[in-house]
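# What the coordinates show
Residue strings, one per chain:
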Amino acid sequence: AQSVTQPDIHITVSEGASLELRCNYSYGATPYLFWYVQSPGQGLQLLLKYFSGDTLVQGIKGFEAEFKRSQSSFNLRKPSVHWSDAAEYFCAVADSGYSTLTFGKGTMLLVSP
Amino acid sequence: GAGVSQSPSNKVTEKGKDVELRCDPISGHTALYWYRQSLGQGLEFLIYFQGNSAPDKSGLPSDRFSAERTGGSVSTLTIQRTQQEDSAVYLCASRLGPGLGEEQYFGPGTRLTVT
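Residues numbered from 1 in each chain as written. Chains lettered and ligands numbered in written order. Predicted model: local features only at pLDDT ≥ 70, side-chain atom pairs only at ≥ 80, totals over all residues. Heavy atoms only, no water.

### Thoughts on the overall build of chain B
Helix and strand content of chain B: zero helices and 10 strands. Listing every helix and strand of chain B by position from the N terminus yields β-β-β-β-β-β-β-β-β-β. Projected onto its principal axes, the C-alpha positions of chain B cover 40 × 30 × 25 Å. Summed over all atoms, the accessible surface of chain B reaches about 5,500 Å², with 46% contributed by carbon and sulfur. (Helix = DSSP H or I, 4+ residues; strand = E, 2+ residues; numbered from the N terminus. Areas by Shrake-Rupley, 256 points an atom, 1.4 Å probe, with all protein chains shown as cover.)

So, in structure tokens, the structure goes:
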């Protein structure tokens with residue numbers, strides 16, 4: 001069965017600084033990988049996804065993620081964080097049929113002025 | 001257009017009572033999911049409906065949990081004899097179809113508190 005590890009429970013970043021959120025997955029075949037964001041009181045919104053092809057994936061709100069098979073990682077990055085990026089971020093992996101998603105436990109991003 | 005809606009937004013119930021949580025998916029979406037989000041535990045898959053196929057119930061934690069989907073649209077998640085450990089946010093998501101490129105759209109969730 002697939003699994004996802006997000007090693008950082010909380011991260012604090014200064015506004016304007018760069019951001020990297022870590023995600024490691026475990027899955028035997030080619031994974032389908034996702035990053036979601038959950039703002040306070042809101043549902044989850046898809047930031048980006050990787051199915052195949054180019055390992056650097058661009059998403060919404062200026063986010064990108066890089067799939068590294070050798071490291072079983074799919075880290076999320078943003079070059080300059082805005083205060084509105086403060087939220088909880090979830091990495092997820094789908095099974096081969098993409099019927100269900102397995103989520104990590106999330107990383108809470110705090111943005112300091 | 002309208003997104004996924006869930007009701008109620010908050011539910012407080014006494015231990016041992018039954019509760020029903022409702023999900024209205026996006027119109028035309030054939031796939032519907034229920035997840036549970038407990039504090040510090042991320043999202044846990046509960047059940048998946050796809051069209052008229054038998055649902056994937058592999059994530060339901062006990063036989064106190066059940067769900068149905070009527071007419072291929074609205075879904076109800078029922079928790080019988082609620083326990084304090086059932087306190088969580090229950091999220092519903094829908095998807096246009098089973099195709100690889102189809103995204104899951106999430107509702108705002110129902111926060112369940114069992115006292």
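### A word on the pairing of strand E6 (residues 44–50) of chain A
Residues and elements named next belong to chain A. For E6, the tally of buried residues reaches five of seven residues, placing the bulk of the element in the interior. Taken together, the six bridges between strand E5 (residues 32–38) and E6 define a ladder with antiparallel strand orientation. Bridging from a neighbouring strand, Trp35 pairs with Leu48 of E6. A loop of five residues connects E5 with E6, the two strands running antiparallel in sequence, and Gly41 in this loop sits at a positive phi of about 75 degrees. (Buried < 20%, exposed > 50% of the residue type's maximum accessible area, 1.4 Å probe, protein only. Pairing = 2+ DSSP bridges.)

### Comments concerning the pattern of salt bridges
What the rule picks out here adds up to seven salt bridges over all chains. Put simply, B:Arg64 and B:Asp86 hold a salt bridge, and the shortest N to O gap is 2.8 Å. You can see B:Arg64 sitting in the loop between strand E5 (42–50) and strand E6 (65–69) and its partner B:Asp86 sitting in the loop between strand E7 (75–79) and strand E8 (88–95), a full 22 residues away along the chain. Taking relative accessible area as the criterion, B:Arg64 reaches 12% and is therefore assigned buried. Overlapping salt bridges bring together A:Glu64, A:Glu66 and A:Arg77 as one network. (Salt bridge = Lys/Arg side-chain N within 4 Å of Asp/Glu carboxyl O.)

### A closer look at the nonpolar core
Among the nonpolar cores identified, the biggest contains 26 residues, and A:Leu19, A:Trp35, A:Leu47, A:Leu48, A:Phe74, A:Leu76 and A:Tyr89 are the most heavily contacted of them. For this core, the elements supplying multiple residues, two or more each, are strand E2 (10–14), strand E3 (19–21), E5, E6, strand E8 (64–68), strand E9 (73–78), strand E10 (87–94) and strand E12 (107–112) of chain A. Of the residues forming this core, the biggest block, four residues, is contributed by E10(A). Setting aside its immediate chain neighbours within four residues, A:Leu19 contacts A:Ile11, A:Val13, A:Phe63, A:Leu76, A:Arg77, A:Lys78, A:Val81 and A:Leu109. If you look at the next biggest cluster of nonpolar residues, it comprises 21 residues, including A:Tyr32, A:Phe51, B:Tyr35 and B:Phe45. (Core = buried A, V, L, I, M, F, W, Y, C linked by side-chain atoms within 4.5 Å. Contact = heavy atoms within 4.5 Å.)

### Some thoughts on the sheet that holds E6(B)
Residues and elements named next belong to chain B. The strand order E1-E3-E7-E6 describes an open sheet built from four strands, whose pairing is antiparallel. Edge positions in the sheet fall to strand E1 (5–7) and E6, since each of these pairs with one other strand and no more. Across the sheet, the axes of successive neighbouring strands diverge by a mean angle of 15 degrees, strand direction being ignored. Sheet analysis places strand E3 (residues 19–24) next to E7, joined by five bridges and oriented antiparallel. (Axes fitted to C-alpha atoms, helices over the stretch in contact; angles between N-to-C directions.)

### Examining the interface of chain B and chain A
Taken together, the contacts link 22 residues of chain B with 18 residues of chain A. Counting the surface lost from both chain B and chain A, the interface buries some 1,600 Å², and carbon and sulfur atoms represent 57% of this. Where chain B meets chain A, there are one residue pair in polar contact (both at pLDDT 80 or more). Secondary structure elements with two or more residues in the side of chain B that touches chain A: strand E4 (31–38), E5 and E8 of chain B. Here the side of chain B that touches chain A gets four residues from one element, more than from any other, and that element is E5(B). Looking at the side of chain B that touches chain A residue by residue, the classes come out as 10 nonpolar, eight polar and four charged. (Buried area = accessible area lost by both parts, 1.4 Å probe. Polar contact = N/O pair within 3.5 Å; in protein donor to acceptor, adjacent residues only side chain to side chain. Nonpolar A, V, L, I, M, F, W, Y, C, P; charged D, E, K, R; others polar.)

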